[in-house]
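Summary of structural features
Spelled out from the first residue to the last, the chains are:
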Amino acid sequence: AKQNGRARWMMFDQTMQEGALRRLTLEAELRLALDANQLFLQYQPIITPGDGMISGFEALLRWRHPVLGMISPLEFIPVAEEVGLIGQIGSWVLEAACLQLREWQRGRALPLSMSVNVSAVQLAGGELVKVVTRVLAETGIAHGSLKLELTESAVMADADHALAVFKELKALGVRLSLDDFGTGYSSLSHLRRLPIDTLKIDRSFVSAMDSHSDKRQIAEVVVMLARTLGLDVVAEGVETRAELDILREMGSDFVQGYFYFRPLDAAAATLALADEAS
Ligand code: C2E
Ligand code: CA
Ligand code: CA
Ligand code: CA
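The protein is annotated in an unreviewed UniProt entry as EAL domain-containing protein of Massilia litorea.

Shown next, in the form of structure tokens:
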């Protein structure tokens with residue numbers, strides 16, 4: 001048994017080594033990435049399906065590592081959370097996104113919104129309201145044009161705490177979205193109490209919804225739930241015309257996905273806005 005255990009350990013050790021090394025590298029270098037300007041934002045348009053117009057953007061964080069190349073936020077956000085860098089990075093994201101919104105909003109008659117992802121760790125920590133207050137004051141954007149996206153699971157993990165923070169954020173006039181909705185076991189009574197504005201239907205229910213009636217039914221329930229609660233709905237991950245048609249029919253207020261736009265660099269997003277105006 002001991003022999004066996006040792007053999008297993010060796011295998012574990014071998015396969016883990018690369019992963020652990022990469023992880024250590026990310027941990028060490030994430031500390032420097034902000035100052036080295038390796039982090040940047042892309043912006044994915046959020047569309048009103050009736051007219052196909054851009055109603056706003058979601059800011060999505062990117063890390064271009066000089067040696068490892070592009071690293072997904074799915075990989076480095078958890079690292080940032082664990083090593084205590086998410087506060088600093090999250091503040092930078094919020095500020096950069098709001099500055100970009102201010103630039104786009106200049107000389108534009110129609111309002112534009114900016115959605116910013118907030119991590120569970122930021123929600124649990126005590127700084128979020130202060131940071132949002134500061135960034136709103138510094139950038140001078142309309143408070144209602146900022147939308148904070150929190151995952152359903154982060155919110156439901158401690159709904160009482162979320163409620164308290166949300167009340168303060170709502171008092172500032174910012175808007176709140178529950179992200180990845182449908183994956184996080186919301187309690188309906190919590191949902192009813194939370195001062196949120198939007199439900200974002202998770203991509204897993206949108207992807208291939210035209211050939212999966214179970215997904216379609218879940219999406220429909222989310223839309224109906226949103227209607228009942230007086231909330232907007234955004235469907236994310238819309239990749240095909242068929243998915244778009246179904247969501248439009250269901251009455252999704254907004255859609256977001258590769259069918260319209262992939263996440264864009266700031267310059268490309270600026271062009272997309274200009275295109276629309278001409
Ligand atoms: P999310 O908030 O659910 O963001 C949507 C993800 O779906 C993005 O992945 C986006 O690029 C991708 N996406 C959009 N449309 C489509 C589509 O039509 N098809 C497919 N297959 N994918 C689509 P991304 O940019 O890799 O971000 C992954 C996750 O990382 C985000 O999921 C969010 O949870 C997190 N994240 C990204 N930026 C930030 C940030 O600034 N702060 C925090 N805390 N988390 C972030
Ligand atoms: Ca999001
Ligand atoms: Ca999402
Ligand atoms: Ca997601």
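So that's the structure; there's more coming.
Turning next to the pairing of strand β2 (residues 53–65). In summary, the side chains of a regular strand alternate between the two faces of the sheet. When you tally the buried positions in β2, you get 11 out of 13 residues, the bulk of the element. Remark: 4 residues form the turn of the hairpin made by strand β1 (residues 39–48) and β2, two consecutive strands paired antiparallel; Gly52 in that turn has positive phi of roughly 70°. Note that β2 and strand β4 (residues 113–117) share 4 bridges and pair parallel. Within β4, the residue paired with Phe57 across the bridge is Met114. In sequence, β2 turns back onto strand β3 (residues 69–71) through a hairpin of 3 residues.

In this section: the coordination of the calcium ion (ligand 2). Protein coordination of the calcium ion (ligand 2) is provided by Glu58 (OE), Asn117 (OD1), Glu149 (OE) and Asp179 (OD), with donor distances spanning 2.1 to 2.3 Å. For the calcium ion (ligand 2), all donor residues lie on one chain, and their spacing in sequence is E-x58-N-x31-E-x29-D. Distance-wise, the calcium ion (ligand 3) is placed 3.8 Å from the calcium ion (ligand 2), both being coordinated by Asp179. Linking Glu58 in strand β2 with Glu149 in strand β5 (residues 146–151), this pair joins segments that are 91 residues apart in sequence. For the pair Glu58 and Glu149, one class covers both residues: buried.

Every protein donor of the calcium ion (ligand 3) is accounted for by Asp179 (OD), Asp180 (OD), Glu236 (OE) and Glu236 (OE), and the metal-donor separations fall at 2.2 to 2.6 Å. Read N to C, the donor residues that coordinate the calcium ion (ligand 3) are spaced as D-D-x55-E.

Quick look at the pattern of salt bridges now. Applying the stated criterion across every chain, the model contains 13 salt bridges. Across the pair Glu58 and Lys200 runs a salt bridge whose closest N-O atoms are separated by 2.9 Å. Linking Glu58 in strand β2 with Lys200 in strand β7 (residues 198–201), this pair joins segments that are 142 residues apart in sequence. Of the residues examined, Glu58 reaches a relative accessible area of 5% and is grouped as buried. Taken together, the shared-partner salt bridges connect Arg23, Glu27 and Glu82 into one network.

Here is what the cut-offs are and how they apply
Residues numbered from 1 in each chain as written. Chains lettered and ligands numbered in written order. Predicted model: local features only at pLDDT ≥ 70, side-chain atom pairs only at ≥ 80, totals over all residues. Heavy atoms only, no water. Buried < 20%, exposed > 50% of the residue type's maximum accessible area, 1.4 Å probe, protein only. Helix = DSSP H or I, 4+ residues; strand = E, 2+ residues; numbered from the N terminus. Pairing = 2+ DSSP bridges. Donors = N, O, S within 2.8 Å, 3.2 Å for Na, K, Ca; no water. Salt bridge = Lys/Arg side-chain N within 4 Å of Asp/Glu carboxyl O.

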